[in-house]
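So the chains spell out like this:
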Number of protein chains: 2
Amino acid sequence: MPDGLNFSRRLRRTPYTDRAEAAGVRGFSVVNHMLLPKAYARSVEEDYWHLREHVQVWDVACQRQVEIWGPDAARLIQWMTPRDISRARVGDCLYLPVTDDRAGLVNDPVMLKLAEDRFWLSIADSDLLLYAAGLALGARLDVGIAEPDVSPLAVQGPKAEALLAELFGAHVRGIGFFKFGWIDFHGTRQLIARSGYSRQGGFEIYLDGGHLGGALWDAVWQAGQAFDIAPGCPNLIERIEGGLLSYGNEMTRENNPLEMGLGRFCVPGAAGYLGRDALDLIAAAGVAREIRGVLFDGGPCPACAAPWPVRVGGQQVGRVTSAAWSPRLKRNVGLSLIDRAFWDPGQPVTVDSADGLRRDGEVSALPFA
Amino acid sequence: MPDGLNFSRRLRRTPYTDRAEAAGVRGFSVVNHMLLPKAYARSVEEDYWHLREHVQVWDVACQRQVEIWGPDAARLIQWMTPRDISRARVGDCLYLPVTDDRAGLVNDPVMLKLAEDRFWLSIADSDLLLYAAGLALGARLDVGIAEPDVSPLAVQGPKAEALLAELFGAHVRGIGFFKFGWIDFHGTRQLIARSGYSRQGGFEIYLDGGHLGGALWDAVWQAGQAFDIAPGCPNLIERIEGGLLSYGNEMTRENNPLEMGLGRFCVPGAAGYLGRDALDLIAAAGVAREIRGVLFDGGPCPACAAPWPVRVGGQQVGRVTSAAWSPRLKRNVGLSLIDRAFWDPGQPVTVDSADGLRRDGEVSALPFA
């Protein structure tokens, strides 16, 4: 498969792209109209082992912020999500399924509550700003909505805390999971959250001011030398093993939060959100399919660029939307919606991968063991 | 610059991607979360000359359709655009600037009027569906909104009409510019418009039913053998020379339609659209800058992946957002907003390209001569 990417301004460079290039990036994806580094010199497998043992710096500036402020800000956000945000406190990060009126998933951002009337939604790959703006204009809500010059830099891995405590002070250690605090950097105050798109622990620095991007990368890089730091990116193997879903891969507007295993972030029957009636109906009937892991054999699988049928006998019971070879489990791991009658862990299945192989496998719980 | 693109389901393949790969595609861009072929075996220059003389088939399935139907469909669309759509007739294609309440450009689709209460918006690179859905939900409009399984295939170049008349019948010749008609294909009725993202003439077939993609490509390809057909894509040189703007490159939400030279598609003062007050103020004051061409020297320029300053003396008066070497004009051609005091054609300027050169040039009218 050819893999060239044709650059233009429309595929926006980030405040860290220069540094990623200097560090040898050799592949990108595109998220929110912005470049996301996806490969450096080492293989995905080597990066996987490194991420589990050391620390990496990731350019995740493509996690753009939709800033919503004003008297109706909380009301607008609550309208977009089945999750109850009323008890969130300033300093909290909340993972939010955002739905339309059919309970279809529009995005799954992390909400950062900056003040009672000011929020960031740190978004996955869809223009959530346009949805929020449409709702606000249509309903004449009293809010402001904009994309600020804020570009997250992730520091992920078991040594991230030690690195950042050394660089920015011991108070970083006191920041709880999915909470945020503040650090000083070059005379500016910057938000730092204990969060990130891996299961290995770590932080994300929401850099306010793109002109500081190179300096922040360099500071993390230099302090990281003592911790065997490497440039990295969200690791496909690690995130599949960890059961971390990807908007646009595992879920689209065709999916509802309940079948994606996000029921714990939903309050069926709660007032005041779009999609309530639809989600209540789905909850009452029970979901017809649900996200699962699939373990399958046949040697390392190719990239999953389009869904692969999952079958039991001749019947299609699901489709794999992300997959990778796990060097730890010595099998391929994939993510798939699986029909209700077949979703119990251990259920034998076959997977038709893009290389033409029909591979034997089985349904697994998530995260993978 | 590294140029790998990391594939995943999120970057959707099109009904034609298999054929593009078989035809030797060697680079993609990403538009509307979908792959857009950007390079085949021949150089952009060779493709440029070929496009001007013969005919090409382009996979532009990434021009997704936002279908809007129902009693309030026309009202919703009129609310989003300063262009008067009231006199559009079934069978018309209209280029629409779509704005927010600040008159910032949200997208610039082509509207196809399918019926009095049914439209397609054939979109540029932003999630216009989410904006329309937000507006409709917020204002409780009686509409349906969805992305149908419709994937445009463009046939562009001076021989396009002859090819398509031979393949689908002579009635294709009777379709006017920015009008659409219908063709029969494999027992289905398919929409065909005289339109496309080039100045060389041609058509776009809005294929309804992705399973027919391979067959349609093959039919065009085979009929095209007598016309020296080649696989192609929107050609950077040709579209810049022709003054065709690209959403995300020349314009974003930071730009208004008037400064982008789209005043002929706006009706300042007209009732009933978002951004009217903002656009009226801009029209009354006169725009502070406007889109222009820039001709500049120093040999073929690199790709413009981030804006390049345009200066007069020490003063920045604009920034180039797209640029390419024109083998016909023997100079580089670029597109730039230029401040009012400097926007007359012939104004000497310099352009700081990404390769570190300061290049001498001049402002040009659009399209380039």
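Rules used throughout
- Residues numbered from 1 in each chain as written.
- Chains lettered and ligands numbered in written order.
- Predicted model: local features only at pLDDT ≥ 70, side-chain atom pairs only at ≥ 80, totals over all residues.
- Helix = DSSP H or I, 4+ residues; strand = E, 2+ residues; numbered from the N terminus.
- Rg over C-alpha atoms; globule rule 2.2 N^0.38 Å.
- Contact = placed C-beta atoms within 7 Å.
- Nonpolar A, V, L, I, M, F, W, Y, C, P; charged D, E, K, R; others polar.
- Pairing = 2+ DSSP bridges.
- Axes fitted to C-alpha atoms, helices over the stretch in contact; angles between N-to-C directions.
- Domains from an automatic or database assignment.
- Buried ≥ 20, exposed ≤ 12 C-beta atoms within 10 Å, placed from the backbone.
- Arc of directions from axis to C-beta.
- Core = buried A, V, L, I, M, F, W, Y, C linked by C-beta atoms within 7 Å.
- Parallel < 35°, antiparallel > 145°, perpendicular 65-115°, else oblique.
- Left-handed = near helix turned anticlockwise from the far one by under 90°.
- Least-squares fit on C-alpha atoms with pLDDT ≥ 70 in both.

**What about the overall build of chain A?**
At step 1: The secondary structure content of chain A amounts to eight helices and 21 strands.
At step 2: For chain A, whose C-alpha radius of gyration is 21 Å, the value lies close to the compact-globule estimate of 21 Å for 369 residues.
At step 3: The C-alpha extent of chain A, read off along each of the three principal axes, is 65 × 50 × 40 Å.
At step 4: In chain A, of all internal contacts separated by at least 6 residues, the share reaching a separation of at least 24 is 64%.

**Remarks on the interface of chain A and chain B**
At step 1: In this assembly, 48 residues from chain A lie in contact with 48 residues from chain B.
At step 2: Broken down by secondary-structure element, the contributors of at least two residues to the side of chain A that touches chain B are β1 (27–31), β2 (34–39) and α4 (128–138) of chain A.
At step 3: In terms of residues, the side of chain A that touches chain B owes the most to one element, α4(A), which gives nine residues.
At step 4: Of the residues that constitute the side of chain A that touches chain B, the class distribution is 24 nonpolar, 13 polar and eleven charged.

**Overview of the sheet that holds strand β14 (residues 202–208) of chain B**
Residues and elements named next belong to chain B.
At step 1: Spatially, β12-β13-β14-β11-β3-β15 is the arrangement adopted by the six strands of the open sheet, whose pairing is mixed. In the strand order of this sheet, the two ends are held by β12 (180–185) and β15 (229–232), each with one partner. On average, each strand axis in the sheet is tilted by 30° relative to the strand beside it, whichever way the strands run.
At step 2: Pairing analysis gives four bridges linking strand β3 (residues 55–59) to β15, with the strands arranged parallel. Bridging across to β15, V57 finds its partner in P231.
At step 3: Here helix α5 (residues 160–168) sits on the sheet and contacts β3, β11 (150–156), β12 and β14; the angle it forms with β11, its principal contact strand, is near 125°.
At step 4: Packed on one face of the sheet, helix α6 (residues 213–224) meets β3, β11, β12, β14 and β15 and runs near 170° to β3.

**Quick look at the domain arrangement of chain A**
Residues and elements named next belong to chain A.
At step 1: Each assigned domain of chain A is listed with its residue range as follows: domain 1 (17–60 + 149–240), domain 2 (65–146) and domain 3 (288–369).
At step 2: Placing the centre of domain 1 and that of domain 2 at their C-alpha centroids yields a distance of 25 Å.
At step 3: Contact residues are listed per partner, giving nine residues for domain 1 and nine residues for domain 2.

**A short note on helix α2 (residues 44–53) of chain B**
At step 1: Taken together, the buried positions of α2(B) are occupied by D47(B), Y48(B) and L51(B). For α2(B), the angular spread of buried residues about the axis comes to 105°, placing them on one side.

**Digging into the environment of D339(B)**
At step 1: With respect to the element layout, D339(B) can be found in strand β19 (residues 331–339).
At step 2: Residue D339(B) is classed as partly exposed on the basis of its 15 C-beta neighbours within 10 Å.

**What to know about the sheet that holds strand β10 (residues 144–146) of chain B**
All names here are of chain B.
At step 1: The sheet built from five strands is open, its strands ordered β5-β8-β9-β4-β10 with antiparallel pairing. Each edge of the open sheet carries a strand with a single partner, namely β5 (93–95) and β10. Along the sheet, successive strands turn relative to each other by an average axial angle of 20°, direction set aside.
At step 2: Here five bridges tie strand β8 (residues 110–115) to strand β9 (residues 118–122), and the two strands are oriented antiparallel to one another. When the sheet's bridge partners are listed, A115 is paired in β9 with R118.
At step 3: Across the sheet, helix α3 (residues 73–80) lies against β4 (65–69), β8 and β9, angled at about 130° from β4, the strand it touches most.

**Let's talk about the pairing of strand β16 (residues 289–296) of chain B**
Residues and elements named next belong to chain B.
At step 1: Where burial is concerned, most of β16 is hidden: six out of the eight residues are buried.
At step 2: Bridging between β16 and β19 involves eight bridges; their strand directions are antiparallel. From the neighbouring strand, R292 faces β19, where its bridge partner is S336.
At step 3: Here β16 runs beside strand β21 (residues 358–364); their pairing, made up of four bridges, is antiparallel. By the bridge assignment for β21, F296 is matched with G361.

**Topic: the nonpolar core**
At step 1: With 220 residues, the main nonpolar core has I68(A), L76(A), A132(A), I68(B), L76(B) and A132(B) as its most contacted residues.
At step 2: When near neighbours in sequence (up to four residues on either side) are disregarded, L76(A) contacts I68(A), A132(A), L135(A), A136(A), L141(A) and V143(A).

**A look at the packing of α5(B) against α6(B)**
All names here are of chain B.
At step 1: Where α5 meets α6, the closest approach of the two axes is 10 Å, and the angle between their N-to-C directions is 115°. In terms of orientation, α5 lies roughly perpendicular with respect to α6. Between α5 and α6 the crossing geometry is right-handed. The residues of α6 that touch α5, namely those facing L163, E166 and L167, are A219, V220, A223 and G224.
At step 2: For the contact of α5 with α6, the class distribution of residues is five nonpolar, one polar and one charged.

**As for unusual backbone geometry**
Residue and element names in this part refer to chain A.
At step 1: Looking along the chain, the bond that leaves L366 and enters P367 is cis, with omega of -10°.
At step 2: By the secondary structure assignment, P367 is in the segment after β21 (358–364).
At step 3: A positive phi is found at N32, a non-glycine position, where the angle reads about 50°.
At step 4: Relative to the helices and strands, N32 resides in the loop between β1 and β2.
At step 5: Overall, N32 belongs to the partly exposed group, with 19 C-beta atoms counted inside 10 Å.
At step 6: Residue H186 is not a glycine yet carries a positive backbone phi of 50°.
At step 7: Mapped onto the elements of the fold, H186 is located in the loop between β12 (180–185) and β13 (188–193).
At step 8: The class of H186 is exposed, set by 11 C-beta atoms lying within 10 Å.

**Topic: the relation of the copies chain A and chain B**
At step 1: Take chain A, turn it by 180°, move it 0.0 Å along the axis, and it overlays chain B with an RMSD of 0.0 Å. Here the transformation between the copies is reduced to the relation of a two-fold axis.

**Focus: the environment of N249(B)**
Residue and element names in this part refer to chain B.
At step 1: You can see N249 is positioned in the loop between α7 (236–241) and α8 (276–285).
At step 2: Judged by local crowding, N249 falls into the buried class, with 21 C-beta atoms found within 10 Å.
At step 3: Between the C-alpha atom of N249 and that of C304, which follows or precedes it by 55 residues, the distance is 9.6 Å.

**Concerning the pairing of strand β1 (residues 27–31) of chain B**
At step 1: Here β1(B) lies mainly inside the structure; four of its five residues are buried.
At step 2: The turn joining β1(B) and strand β2 (residues 34–39) of chain B, which pair antiparallel and follow one another in sequence, is formed by two residues; a positive phi near 50° is taken by N32(B).

**Some thoughts on the packing of α4(A) against helix α4 (residues 128–138) of chain B**
At step 1: One way to put it is that α4(A) packs onto α4(B) with a least axis distance of 7 Å and a crossing angle of 25°. Considering the angle they form, α4(A) stands roughly parallel to α4(B). In this structure, α4(A) meets α4(B) at a crossing whose hand is right-handed. Of the residues in α4(B), those touching α4(A) at L130(A), Y131(A), A132(A), A133(A), G134(A), L135(A), A136(A), L137(A) and G138(A) are L130(B), Y131(B), A132(B), A133(B), G134(B), L135(B), A136(B), L137(B) and G138(B).
At step 2: Tallied by class, the residues present in the contact of α4(A) with α4(B) amount to 14 nonpolar, four polar and no charged.

**Topic: α3(B)**
Residue and element names in this part refer to chain B.
At step 1: Within the span of α3, buried status applies to A73, L76, I77, W79 and M80. Projected down its long axis, α3 shows its buried positions confined to an angular sector of 155°, all on one face.
At step 2: Buried-residue contacts for α3 involve β4, β6 (98–99), β8, β9 and α4.

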